Amino acid sequence: MNQTDDTNTVKQNFIRLRINEDKATQKYEGRVHTRFPPEPNGYLHLGHAKSICLNFGLAEEYLGKCNLRFDDTNPSKEEQEYVDAIRKDVSWLGFHWHEEHYASDYFEKLYAFAEKLILMGKAYVDDQSAEEIRTTRGTLTSAGSNSPFRERSSAENLDLFRRMKAGEFEDGTRVLRAKIDMSAPNMVMRDPTLYRIKRASHHRTKDTWCIYPMYDFTHCLSDALENITHSICTLEFENNRELYDWVLDTLEDFPQRPYQHEFARLNLTYTILSKRKLIQLVEEKQVCGWDDPRMPTISGIRRRGYPPEAVRDFCERIGVAKANSTVDFALLEHCVREQLNASSPRVMGVLNPLKLIIENYPENQVEEFDMPYHPEDESHGSRIVPFSKELYIEREDFMEEPPKKFFRLAPGREVRLRYAYYVTCTEVIKDSTGKIVEIRCTYDPKTKGGWSEDGRKVKGTLHWVSALHAIQAEVRLYDKLFIEENPSKAEDFTACINPESVKIIKAFLEPALAQAQAGYACQFERLGYFIADAADHTSEKPVFNRTATLRDTWAKINKKQG
RNA sequence: UGGGGUGUAGCCAAGUUGGUAAGGCAGCGGGUUUUGGUCCCGCCAUCCGUGGGUUCAAGUCCUACCACCCCAGCCA
């Protein structure tokens, strides 16, 4: 009996199996305690989201706990800005951590453990240079050789280590190493470095320390000190597990110690999920910051308009396994659309306006139509939209010579102006260059509200905006933009929006407009779910915007016709 | 040439002690529809990296091989 039994929607995975096993054997008295341990050296991205959802999700599922721990053992890379951003992003995803910790809070304890190791004869101070250590480590196929300093006495090691801490030695002149086996087939076990001398101000401990513990020494002990039961990390740490176990088993201080479990990190098509590359984009100002809507960071997609629920759903759907894989970005978009479809109010907007004049509509008349915000959910309410003789429609919604399967406006054809009237195109007006500048129509007064008593159907339904009442909003749309190639090439659009729709759109638009840079995430009913700068997701390859469904569909129709 | 991992459809991914290949995304076909959206229905692995073997029966067991990923930071 376990928590997964009550829902058949929970996908089984090897980590859940391990937890079930551990619960069955009462390994931790039934406890489940995980942790999400980022190094605060950058912003969180979708790859981290997978880990966050896994760790926090498992804790929720098994009524356990999950800590947020900052793995801040390398002061030269870490900053307070990053810890603030990380806390915000985890919260935004909707998770609450049981405790917040910092590896740096354990520096004293870790130091004591190191001295204990020295006393046990399991660690020694090595005076060799980094270069010497590297060359004597051997290669993948040949054993390394022992350091000439490997057999120092515990007393000498202790003295040297204390002097390292006291700051008596220059950076890089000495390290503390575990005494394990220089011929171990696992490279990680060839007397790994435990402490290095590094005079760098730490974002929290400032200049208190000049020696800092390495990941392999810190991580397992931090887990153990927090009574973590399941230490979940990515595949590249598989080789480190042996050392993780060695440290905890050698110290013998933790009867109920944690065990490490590795899973494959997330790869997404068209998307860069490498902190190294992302930080490069930011530093080279290829993007306007970590939260640029084009970035695959949590803060970037937040600005892009992705709901956190969608990200969590995505993380659940991709599963957890040990096989390296690349998830199709379309799955993420599907999750986003699914959320947005239910929650987004629908409004009308025109991005590329074409004037439409209703010849038989009274000159100064203005009608108001009550239009629902959501076609399937009345709880979204409705708003009043003004209608008049002169309107704007989307340029793409008219074709003078429509191909087959084009259902919208064309000469002589009748279509519906959404929630307003049926109109029939009577005339096309062009300028001297042949460009269509205006469409003339007649309307049928008996079709008020957008339906006909005689039951006649129209194939197309168009968005419209009253020219008299329209508000123009400057928006910036990133379209088919590839960061690597041309970061500044964004297209500016003037969108015409019904005044009543403005408040809806502004809610999405404002953060972006305020920064005068970002894309926007709003819901133009006609264009699909959100246009935002959804066209782009830090692409490595050209990508067609899958979320602007209208364009997509149209492209498909064109393709079919050859 | 060492060690640690992984291989099920275009992409993810279930598959518990061997019993006759879930589900999702994408795609295709059809229906509903005041969004070319949503929703609904149908189709989409004679086969589980490959070759042998055990068995009445193998994705699941044995064996050999192949492919890909990770490891030689005083990064995490």
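Residues numbered from 1 in each chain as written. Chains lettered and ligands numbered in written order. Predicted model: local features only at pLDDT ≥ 70, side-chain atom pairs only at ≥ 80, totals over all residues. Heavy atoms only, no water.

In this section: helix α4 (residues 107–119). Its 13 residues give α4 an end-to-end C-alpha distance of 18 Å, which sits within 8% of 18 Å, the value for a rise of 1.5 Å per residue. Those residues of α4 not exposed but buried are Phe-107, Leu-110, Tyr-111, Phe-113, Ala-114, Glu-115, Leu-117 and Ile-118. Count one or two residues on from α4 and you reach Gly-121, which has phi positive near 75°. (Helix = DSSP H or I, 4+ residues; strand = E, 2+ residues; numbered from the N terminus. Expected span 1.5 Å × (residues − 1). Buried < 20%, exposed > 50% of the residue type's maximum accessible area, 1.4 Å probe, protein only.)

Roughly 880 Å³ of volume is contained in the largest pocket. Taken together, 30 residues form the lining of the largest pocket, with Pro-37, Glu-39, Glu-236, Phe-237 and Lys-275 sitting closest to its centre. Contributing elements (two or more residues each) for the lining of the largest pocket: β1 (33–36), α2 (46–61), α7 (215–225) and β8 (230–234). Per-class residue counts for the lining of the largest pocket are twelve nonpolar, ten polar and eight charged. The space that makes up the second largest pocket amounts to roughly 460 Å³. Residue assignment for the lining of the second largest pocket shows that the elements contributing at least two residues are α2 and α11 (308–318). (1 Å grid on protein atoms, 1.4 Å probe; cavity = no way out; pocket = protein on both sides within 12 Å on 5 of 7 lines; lining within 4 Å. Points joined across faces, edges and corners; volume = space filled by probe spheres on them. Nonpolar A, V, L, I, M, F, W, Y, C, P; charged D, E, K, R; others polar.)

Read across the open sheet, the four strands follow the order β4-β5-β6-β7; overall the sheet is antiparallel. In this open sheet, the two strands that pair with only one neighbour each are β4 (123–126) and β7 (211–213). Strand-to-strand twist in this sheet, taken as the mean axis angle between neighbours without regard to direction, amounts to 20°. The sheet contact formed by strand β6 (residues 193–197) and β7 spans three bridges and is antiparallel. When the sheet's bridge partners are listed, Arg-196 is paired in β7 with Tyr-212. (Pairing = 2+ DSSP bridges. Axes fitted to C-alpha atoms, helices over the stretch in contact; angles between N-to-C directions.)

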